[in-house]
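Chain by chain, the residues run as shown.
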Amino acid sequence: MRIGAVVVDLLDVKRVGSERRYAELLRRLTRRGCELHLFARRWDEAAARDLVCHRVPIRGPAALAPLVFAFAALRVTRPWRSRLDLVHSHTQSLGDDVVSPGGGAYLAYLRAVGRDPWGRGGRPAWRPQDHARVFLERRQLRSALRIVANSAWSARILAETYPFTAGRTRCVYNGVDAEHFSPRIRDELRAGTRARLGLAPREAAFLLVGTGIHRKGVLELLEALGTLGPAGARVIIVGRRSGDDDATIEQTIRRLGLAGRVICQDFVADPRPWYAAADAFVLPTKFDPFSNATAEAMACGLPVITTAANGVSELVTDGGEGFICPDPPDVGALGRALAHMLDADRVRMGEAARALAETLTWERHVDAMLGVYAEVAEARRRG
């Protein structure tokens, strides 16, 4: 099968979140004998090995970047469409056969984080990029032959936001590399990482890995940590943050009297040392179609606490592999989940989390995607 893949970047250093998902898919499709054509702004040699690469040149103001890329990708892919069995876009572009909106419906995300198109009611207004992305999203989803959601939760949100997507959406869970992320790594890296962080051997540590302190629920986690009292656990926060984000976190720490109990670390391409140092993973997210960090943490043998707004939660049994908070802004429920986790049999829960993660193989993901591709190829043949 000859497949076109549209992405913005394919870089090893960016293999997190959606980037990890499509990088793994492309690599494994080539192993299955597929001919892969990459259409991207940039790539590196290691990530693009065995791919036929086509550059998508973009120029223009940052505010129009989504639109510029989408139309440039349409121009570059158009001559190839008759020579490929299908074109699968992993970003916002136009004229594609298959679309994977890894971040879910962007319009639903804007609503979930409380943004308003024009800043009414005291809510933050959309940025120019937001208007561009919603414009593209509507057109891309309306024309695609198949839309691949990475959880049933994401598929439901897509259908509620854009009812015309319902009959063309397929659910394919992301995979996780259970060898790369494993309890063995925790055994190897735990003592050294905890020593560097200043964690005592018996001191419980909760870990949050993610970018975007408001969407990921960082401030809610700090509020919930404050309910545990001075003898509670410590929290490790790992991810990209702006100077304003750090200032907001510091203000919250001072207000809640959490000095010395919160460890902030910058984004790293390899989060395994942080999984090794932690005793449980926490992601009180407001909107996450499928948090890869949650699946990676489970593969490392960590029990998890997350919300029903994380697509991974539909696979987790409350009280089994972790705890699920039904309402993301509910700090009280989150505080109770943290307290329960401190008293829980975390070894048993971590083993259950690991067993669940082992079912989320990349091979199963590729098999499911090939099934979607077969549907699309047949639909194209029928015209």
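Owing to the predicted nature of the structure, the values given are computational and were not obtained by experimental measurement.

Participant: Hey, could you run me through the pattern of salt bridges in this one?
Facilitator: When their charged atoms lie close together, side chains carrying opposite charge are able to pair. Tallying each qualifying case throughout the model produces 32 salt bridges. A salt bridge links glutamate 363 to arginine 28, with the nearest nitrogen and oxygen atoms 3.0 Å apart. Of this pair, glutamate 363 sits in helix H13 (residues 362-382) while arginine 28 is found in helix H1 (residues 17-31), placing the two residues 335 residues apart along the sequence. A residue is classified by how much of its surface remains accessible, and glutamate 363, at 34% relative accessible area, is partly exposed. A residue is classified by how much of its surface remains accessible, and arginine 28, at 11% relative accessible area, is buried. Across the salt bridge formed by arginine 381 and glutamate 378, the nearest N and O atoms sit 2.8 Å from each other. Taken together, the residues arginine 381 and glutamate 378, both in helix H13 and three residues apart, mark about one turn of the helix. Several salt bridges converge on common partners, so that one network encompasses Glu24, Arg27, Arg28, Arg32, Glu363 and Asp367.

Participant: Got a minute to help me understand the sheet that holds strand S13 (residues 280-283) in this structure?
Facilitator: The strands that make up a sheet pair up through hydrogen bonds in the backbone, lying either parallel or antiparallel. Across the sheet, which stays open at both edges, the six strands sit in the order S12-S11-S10-S13-S14-S15 with parallel pairing between neighbours. Lying at the two open borders of the sheet, with one neighbouring strand each, are strand S12 (262-265) and strand S15 (322-325). Going from strand to strand, the sheet's axes swing by 20° on average, the running direction of each strand aside. Bridging between strand S11 (residues 234-238) and S12 involves four bridges; their strand directions are parallel.

Participant: Got a minute to help me understand the nonpolar core in this structure?
Facilitator: Generally speaking, nonpolar side chains in soluble globular proteins are found buried as a group. With 59 residues, the main nonpolar core has Phe206, Leu207, Ile236, Tyr275, Phe281 and Ile305 as its most contacted residues. With sequence-adjacent residues up to four places away left out, leucine 207 is seen in contact with Ile236, Val238, Trp274, Tyr275, Ala278, Ala280, Phe281 and Val282. Listed in part, the 25 residues of the second largest apolar core include Ile3, Tyr22, Val98 and Val366.

Participant: Just to check I follow, could you spell out helix H12 (residues 346-358) for this structure?
Facilitator: The periodicity of an α-helix, 3.6 residues per turn, causes residues three or four positions apart to be oriented the same way. Between its terminal C-alpha atoms H12 stretches 18 Å, which fits the 18 Å expected from 13 residues at 1.5 Å a residue. Within the sequence span of H12, burial applies to Met349, Gly350, Ala353, Arg354, Leu356 and Ala357. All buried residues of H12 fall inside an arc of 160° around its axis, so they share one side. Facing away from the buried side of H12 by over 90 degrees, the exposed positions are Val347 and Glu351.

Participant: I would appreciate a short explanation of unusual backbone geometry in the present structure.
Facilitator: Across the chain, the bulk of peptide bonds are trans and the bulk of non-glycine residues have phi less than zero. Phi angles above zero are rare outside glycine, and aspartate 50 is one such case at about 75°. Mapped onto the fold, aspartate 50 is located in the loop between strand S4 (42-43) and strand S5 (52-55).

Participant: What is the right way to look at the pairing of strand S1 (residues 2-6) in this model?
Facilitator: Within S1, four of the five residues are buried, which leaves it mostly tucked inside the rest of the structure. Bridge count between S1 and strand S3 (residues 35-40): five bridges; the pairing is parallel. Its bridge partner lying in S3, glycine 4 is registered against histidine 37. In this structure, S1 lies alongside strand S6 (residues 86-89), joined through four bridges in parallel fashion.

About the criteria used
- Residues numbered from 1 in each chain as written.
- Predicted model: local features only at pLDDT ≥ 70, side-chain atom pairs only at ≥ 80, totals over all residues.
- Heavy atoms only, no water.
- Salt bridge = Lys/Arg side-chain N within 4 Å of Asp/Glu carboxyl O.
- Helix = DSSP H or I, 4+ residues; strand = E, 2+ residues; numbered from the N terminus.
- Buried < 20%, exposed > 50% of the residue type's maximum accessible area, 1.4 Å probe, protein only.
- Pairing = 2+ DSSP bridges.
- Axes fitted to C-alpha atoms, helices over the stretch in contact; angles between N-to-C directions.
- Core = buried A, V, L, I, M, F, W, Y, C linked by side-chain atoms within 4.5 Å.
- Contact = heavy atoms within 4.5 Å.
- Expected span 1.5 Å × (residues − 1).
- Arc of directions from axis to C-beta.

This is a description of form; function is not addressed.
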